[in-house]
Amino acid sequence: MQLAVLGRLLSVGREVLAALRGSLGALCWSLAPLSLSLPLSLAGWRDSAPRPEREREWEDAPPTPTSVNYHFTRQCNYKCGFCFHTAKTSFVLPLEEAKRGLAMLKEAGMEKINFSGGEPFLQDRGEFVGKLVQFCKQELELPSVSIVSNGSLIRKQWFEKYGEYLDILAISCDSFDEDVNVLIGRRQGKKNHVENLHKLRQWCREYAVAFKINSVINRFNVEEDMNEQIKALNPVRWKVFQCLLIEGENSGEDALREAEKFVISDEDFDRFLDRHKDVSCLVPESNQKMRDSYLILDEYMRFLNCRNGRKEPSKSILDVGVEAAIKFSGFDEKMFLRRGGKYVWSKADMKLDW
């Protein structure tokens, strides 16, 4: 008799326990979407997928194109010997196709677009890039729109028409010695590159555009002291790159440039950085940081993978979409964040000397 009662009690107990486990499992399952943000740890609950497998799914997910560099043209009026995006084609997408691709990138999470080349102001005397800048700021409402240019073809009239839509203008300047600029190839005709740099700086002040300087440190400028000139120009950022070799672009048999003579060692680069350590706007980028931490679109809107020392293109986002194309970009999102790729990049949020 007692054994029978005990058996019934055990049976009821098992049923109650099973019901509790089921309720707890359902509760944990409902909270699973929050598990990325909540420190949830419940004894006895196991996710339907083992955690290592879930982590692999997140690692395999395509990166977000937060910041994109669109090299819409390869043509340039300068002949910089270390250029790693050379004039292999003269192709430029029709304006409406370029806009379609930019809208796709915005939909995929793009916050910043940087237009580059080649020289972006060559196409339609700057009208092409101007219309893209206006489209991205006015219609796509991107937080940041920027251009990298050698500055030689920019006119004041361009600022009058498009300046309000541009957050950052980055001008490439590798030396404040005109003889060195000639050696590098950063000059056309008799125009003084350094004098033009100061003129562009003033126009940026007048038209409320943040001014930035990009410098490639190489064999011809590695011993130069640029402290005084950079501080006088007072850019929001001075991006300092180490000269980089890309096979097929500035190195190798099928390259249009031979940049080997420009290459410096890591120690040379570090000495240059140490010489300028008191420049508050200095942003150094070694070869290691550069190679995989940029999302680069070429003139066909293909992502370029530089992991193997070459530029290997994906399919165009216009053909396969952003998510499919970006998987082959080789983009290192962690390195992008580690090198400070995301910063205060909207001029509305900057404290500038206007």
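Here the structure is a predicted model, which is why all the values come from computation and not from measurement.

**Considering the overall build of the protein**
Phase 1 of the analysis: Broken down by element type, the protein carries 13 helices and 10 strands.
Phase 2 of the analysis: Restricting the contact set of the protein to residue pairs at least 6 apart, pairs at least 24 apart contribute 73%.
Phase 3 of the analysis: Carbon and sulfur atoms make up 52% of the accessible area of the protein, which totals about 18300 Å².

**Examining unusual backbone geometry**
Phase 1 of the analysis: Following Gly 117, the chain continues into Gly 118 via a peptide bond in cis, with omega recorded as 15 degrees.
Phase 2 of the analysis: Secondary-structure assignment places Gly 118 in the loop between strand 2 (112-116) and helix 4 (127-139).
Phase 3 of the analysis: With a phi angle near 50 degrees, Asn 234 is a residue other than glycine that sits in the positive phi range.
Phase 4 of the analysis: The residue Asn 234 is located in the loop between helix 8 (227-233) and strand 6 (237-242) in this model.
Phase 5 of the analysis: Given a relative accessible area of 40%, Asn 234 falls into the partly exposed group.
Phase 6 of the analysis: Even without glycine at this site, Met 301 takes up a positive phi of about 60 degrees.
Phase 7 of the analysis: With respect to the helices and strands, Met 301 occurs in the loop between strand 8 (296-297) and strand 9 (302-305).
Phase 8 of the analysis: For Met 301, a relative accessible area of 0% corresponds to the buried category.

**Overview of the pairing of strand 7 (residues 282-285)**
Phase 1 of the analysis: In terms of strand pairing, strand 6 meets strand 7 through 4 bridges, oriented parallel. The partner of Val 240 across the bridge, within strand 7, is Pro 284.

**Topic: the packing of helix 3 (residues 95-107) against helix 4**
Phase 1 of the analysis: Interaxial distance between helix 3 and helix 4 falls to 11 Å at its minimum, and their mutual angle equals 35 degrees. By crossing handedness, the relation of helix 3 to helix 4 is classed as right-handed. Residues Leu 95, Ala 98, Lys 99 and Leu 102 of helix 3 touch helix 4, and the partners they reach there are Phe 128, Lys 131, Leu 132, Phe 135 and Cys 136.
Phase 2 of the analysis: Looking at side-chain class alone, the contact of helix 3 with helix 4 contains 7 nonpolar, no polar and 2 charged residues.

Reading the values: the criteria
Residues numbered from 1 in each chain as written. Predicted model: local features only at pLDDT ≥ 70, side-chain atom pairs only at ≥ 80, totals over all residues. Heavy atoms only, no water. Helix = DSSP H or I, 4+ residues; strand = E, 2+ residues; numbered from the N terminus. Contact = heavy atoms within 4.5 Å. Areas by Shrake-Rupley, 256 points an atom, 1.4 Å probe, with all protein chains shown as cover. Buried < 20%, exposed > 50% of the residue type's maximum accessible area, 1.4 Å probe, protein only. Pairing = 2+ DSSP bridges. Axes fitted to C-alpha atoms, helices over the stretch in contact; angles between N-to-C directions. Left-handed = near helix turned anticlockwise from the far one by under 90°. Nonpolar A, V, L, I, M, F, W, Y, C, P; charged D, E, K, R; others polar.

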